[in-house]
Amino acid sequence: MRDAQSNHRHILIVDDEPLVRNSLSEFLALNGYAVSSAGNGKEALHLLKGDAADIVITDIKMPEMDGIQLLKKIKTSYPKIPVILITGYGSIESAVEAMKEGAYDYVTKPIVDSEIKIVIERLVNQIQLMEENIKLKKEISTVQMERFHN
């Protein structure tokens, strides 16, 4: 994980449609996020091996490996990386499946900039709270160990 500030978060966008990938990348970069992108699930997994992202945003409908399969692989290999699923074919069934598999959220296309921004900001706030919680627990543990030794 990177610095606790939102503009230092790294977001990986996975979509087989270059227009969606590029417009979302540009929007997020303009909002201060570090962004990388992949055209398919296999490419995304390869990128995650080299430099784990803080957040993954992936399309559900993609050739070879769909977004649900990618979500499952990410949750197995990188369980702390939250995944937001996007789709142009929104249905209650796919939303329920996505959430059951551990997706953080589910957004339908066309992606509304203000909507995706709110989802990401909420997620970044949660990540920051978890990181602060871990840091405080370590500090408390260190203080308790020092007191015990004294």
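Going by the structure above, here's the rest.
Read on for an overview of the structure. (Residues numbered from 1 in each chain as written. Predicted model: local features only at pLDDT ≥ 70, side-chain atom pairs only at ≥ 80, totals over all residues. Heavy atoms only, no water.)

1. Some details on the sheet that holds strand E1 (residues 10-14)
(1) Moving on: Strand order in this open sheet of five strands is E2-E1-E3-E4-E5, and the pairing throughout is parallel. If you trace the sheet from one side to the other, it starts and ends with strand E2 (34-38) and strand E5 (105-108), each paired once. The average undirected angle you get between the axes of adjacent strands in this sheet is 20 degrees.
(2) Moving on: Inspection of the sheet shows strand E4 (residues 83-87) paired to E5 by four bridges, in the parallel sense. Bridged to Thr87 within E5 is Thr108. (Pairing = 2+ DSSP bridges. Helix = DSSP H or I, 4+ residues; strand = E, 2+ residues; numbered from the N terminus. Axes fitted to C-alpha atoms, helices over the stretch in contact; angles between N-to-C directions.)

2. Brief notes about the nonpolar core
(1) Moving on: Within the largest apolar cluster, 22 residues are counted, with the highest numbers of intra-cluster contacts made by Leu12, Val14, Leu48, Val56, Leu70, Ile74 and Leu85.
(2) Moving on: Contributing elements (two or more residues each) for this core: E1, helix H2 (41-50), helix H3 (67-77), E4 and helix H4 (92-100).
(3) Moving on: Discounting residues that sit within four places of it in the chain, Val14 has contacts with Ala38, Asn40, Gly41, Ala44, Val56, Ile57, Thr58, Asp59, Met62 and Leu70.
(4) Moving on: Grouped together as the second largest cluster of nonpolar side chains are 19 residues, Ile11, Tyr33, Ile57 and Val107 included. (Core = buried A, V, L, I, M, F, W, Y, C linked by side-chain atoms within 4.5 Å. Buried < 20%, exposed > 50% of the residue type's maximum accessible area, 1.4 Å probe, protein only. Contact = heavy atoms within 4.5 Å.)

3. Some remarks on the side chain of Ser25
(1) Moving on: Inspection of the secondary structure assignment puts Ser25 in helix H1 (residues 18-30).
(2) Moving on: Setting aside chain neighbours within four positions, we find Ser25 in contact with Ile13, Val35 and Ser37.

4. With respect to the environment of Lys49
(1) Moving on: Assignment of secondary structure puts Lys49 in helix H2.
(2) Moving on: Of the residues examined, Lys49 reaches a relative accessible area of 67% and is grouped as exposed.
(3) Moving on: Along the backbone, Lys49 and Tyr89 are 40 residues apart, and their C-alpha atoms lie at a distance of 29 Å.

5. Quick look at helix H5 (residues 113-149)
The periodicity of an α-helix, 3.6 residues per turn, causes residues three or four positions apart to be oriented the same way.
(1) Moving on: With 37 residues, H5 should reach 54 Å at 1.5 Å per residue; the first-to-last C-alpha distance of 54 Å fits that figure.
(2) Moving on: The complete set of buried residues in H5 reads Ile116, Val119, Ile120, Leu123, Val124, Ile127 and Gln128.
(3) Moving on: Here the buried face of H5 lies against E1, H1, strand E3 (55-59), E4 and E5. (Expected span 1.5 Å × (residues − 1).)

6. Digging into the pattern of salt bridges
(1) Moving on: Overall, the coordinates contain seven salt bridges when judged by the stated rule.
(2) Moving on: The shortest N-O distance in the salt bridge between Glu17 and Lys109 comes to 3.2 Å. A residue pair is termed long-range when its members are at least 10 positions apart, and Glu17 in the loop between E1 and H1 and Lys109 in the loop between E5 and H5 qualify at 92 residues.
(3) Moving on: Take Glu17: its relative accessible area is 38%, and that puts it in the partly exposed class.
(4) Moving on: Assessed through its relative accessible area of 19%, Lys109 is described here as buried.
(5) Moving on: Each of Asp15, Glu17, Asp59 and Lys109 takes part in a single network of salt bridges with overlapping partners. (Salt bridge = Lys/Arg side-chain N within 4 Å of Asp/Glu carboxyl O.)

7. Some points on the packing of H1 against H5
(1) Moving on: At a closest axis distance of 11 Å, the pairing of H1 and H5 adopts a crossing angle of 60 degrees. Compared by their axis directions, H1 and H5 come out oblique. Between H1 and H5 lies a crossing of right-handed hand. Of H5, the residues touching H1 (which contributes Leu24, Phe27 and Leu28) are Asp113, Ile116, Lys117 and Ile120.
(2) Moving on: In terms of residue class, the contact of H1 with H5 is built from five nonpolar, no polar and two charged. (Parallel < 35°, antiparallel > 145°, perpendicular 65-115°, else oblique. Left-handed = near helix turned anticlockwise from the far one by under 90°. Nonpolar A, V, L, I, M, F, W, Y, C, P; charged D, E, K, R; others polar.)

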